[in-house]
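Topology and contacts: notes
What follows is the residue order along each chain.
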Amino acid sequence: MRIARFVVTVVACVPFTGIGAQQAAARMPPIGSDSLASHMKGVPEGHEVHSLSRTATGYQYTERMSIPGIMTRTATVDLDTAMNVVRAQSTGVLGKRKFGSVVEYHAQRARGRATPLERAAGIEVAIDTLLPPGAFDGLALYPVLLSRPWQLGNTATIELFDTDDLSISRQTFRIVAREELQVPAGKQLAFRGELSTTQLPVTIWFSVARPHRLLKVSSANGETVLVH
């Protein structure tokens, strides 16, 4: 179970339904850094910082989150120029329990190690598995999702590799609305997408303007919104 944030479990995007391959290839990664605030039933609980930078071989995505007294986590994902995950690493603490993973990807093979949350505390396991076509590490959710040329009505099949419980799952993401959204960072025209997860349904808003910018993520557990 991905618990890196209150509201979204994990996700990775693979081929689109409803747009051509040429459009799908027109990636536009959201270079820069954003700060977001997490809320549980309207009460501020923590914060996140997401950043994406260019490297000599592609891009590097970093995600830092903190829920004081409960959990901290830092994730770093290296991607190639086509936004394919090359390497993903995370370290975190839930209560007093440490967890994390280091995984490298070659084609569809994942190799590395993890200290999963779903195993006995402190137990490290080896990872060497062949993933389904299009599947990759869920830590790459935001940079991959936001790099795509989304339009109203687009649907994506989702393949997830979750190192928190060493699972692979298939989900669906649909763009269901284009609407104005007010967040602390201001009012923006947004796409609203619905993610059918294996757990709680998740709604994700991001800017219509490209490169797409994450604005809000929400579920029954709470929400994360863009601050600046």
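Read on for an overview of the structure. What you see is a predicted model; the values in this text were computed from it and never measured.

Once that is clear, we can look at the overall build of the protein chain. Helix and strand counts for the protein chain stand at two helices and 16 strands. Put simply, the protein chain has 228 residues, and 50% of those count as buried. Pairs at least 24 apart in sequence give 45% of the contacts found in the protein chain among residues at least 6 apart. Accessible area of the protein chain: about 10,300 Å², with a carbon and sulfur share of 52%.

This paragraph deals with the side chain of Thr-62. Tracing the backbone shows Thr-62 in strand β4 (residues 58-67). Excluding residues within four positions of it along the chain, Thr-62 makes contact with Val-49, His-50, Ser-51, Ala-75 and Thr-76.

Taken as a whole and assessed by the stated rule, the structure comprises three aromatic pairs. Measuring from ring centre to ring centre gives 6.3 Å for Trp-150 and Phe-206, while their planes differ by 50°; the resulting arrangement is tilted. Residue Trp-150 is located in the loop between α2 (141-147) and β11 (155-162), and its partner Phe-206 is located in strand β14 (residues 202-207); the two are separated by 56 residues in the primary sequence. By the burial criterion, Trp-150 is buried, and Phe-206 matches it. Within the aromatic cluster, the residues linked to one another by ring pairs are Trp-150, Phe-173, Phe-191 and Phe-206.

For the rest of this paragraph, the subject is the environment of Pro-201. Position of Pro-201 among the secondary structure elements: in the loop between β13 (186-196) and β14. Expressed as a C-alpha distance, the spacing of Pro-201 and Ser-218, which sit 17 residues apart in the sequence, is 8.8 Å. Beyond its immediate chain neighbours, meaning those up to four positions away, Pro-201 contacts Leu-195, Ser-218 and Ser-219.

Counting 45 residues, the largest nonpolar core has Leu-79 and Phe-173 as the members making the most contacts within it. Counting residues per element, this core draws most heavily on α2, which supplies five residues. If sequence neighbours within four positions are ignored, Phe-173 has contacts with Leu-145, Trp-150, Asn-154, Thr-155, Ala-156, Ile-158, Gly-193, Glu-194, Leu-195, Ile-204 and Phe-206.

In this section: unusual backbone geometry. Following Arg-210, the chain continues to Pro-211 via a peptide bond in cis, the omega torsion being 0°. The backbone of Ala-107 shows a phi angle near 55°, a positive value even though the residue is not glycine. Along the chain, Ala-107 turns up in the loop between β7 (97-106) and β8 (109-115). Phi at Leu-166 is positive, roughly 55°, even though this residue is not glycine. Residue position: Leu-166 is located in the loop between β11 and β12 (167-183). Overall, the relative accessible area of 27% leaves Leu-166 in the partly exposed class.

The rules behind these values
- Sequence order sets the numbering: in each chain, residues are counted from 1 along the sequence as written.
- Confidence filtering applies because this is a predicted model: local features only for residues at pLDDT of at least 70, side-chain atom pairs given and counted only at 80 or more, and all residues used for totals across whole chains, interfaces and linings.
- Side-chain numbers come from the whole structure's heavy atoms, not from hydrogens or water.
- Helix and strand assignments follow DSSP, with helices taken as H or I runs no shorter than four residues and strands as E runs no shorter than two, numbered in order from the N terminus.
- Relative accessibility under 20% of the residue-type maximum defines a buried residue, over 50% an exposed one, and the middle range a partly exposed one, all with a 1.4 Å probe and only protein chains included.
- Contacts: residue pairs with any heavy atoms within 4.5 Å of one another.
- Computed with the Shrake-Rupley method and a 1.4 Å probe, the accessible areas treat only the protein chains shown as cover for residues.
- Pairing of aromatic rings covers Phe, Tyr and Trp, the last counted by its six-membered ring, and requires centre-to-centre distances within 6.5 Å; plane angles under 30 degrees mean stacked, over 60 mean edge-to-face, and any other angle means tilted.
- Residues grouped as a nonpolar core are buried Ala, Val, Leu, Ile, Met, Phe, Trp, Tyr and Cys residues, joined through side-chain atoms within 4.5 Å.

Any functional reading would require information beyond the geometric quantities listed.
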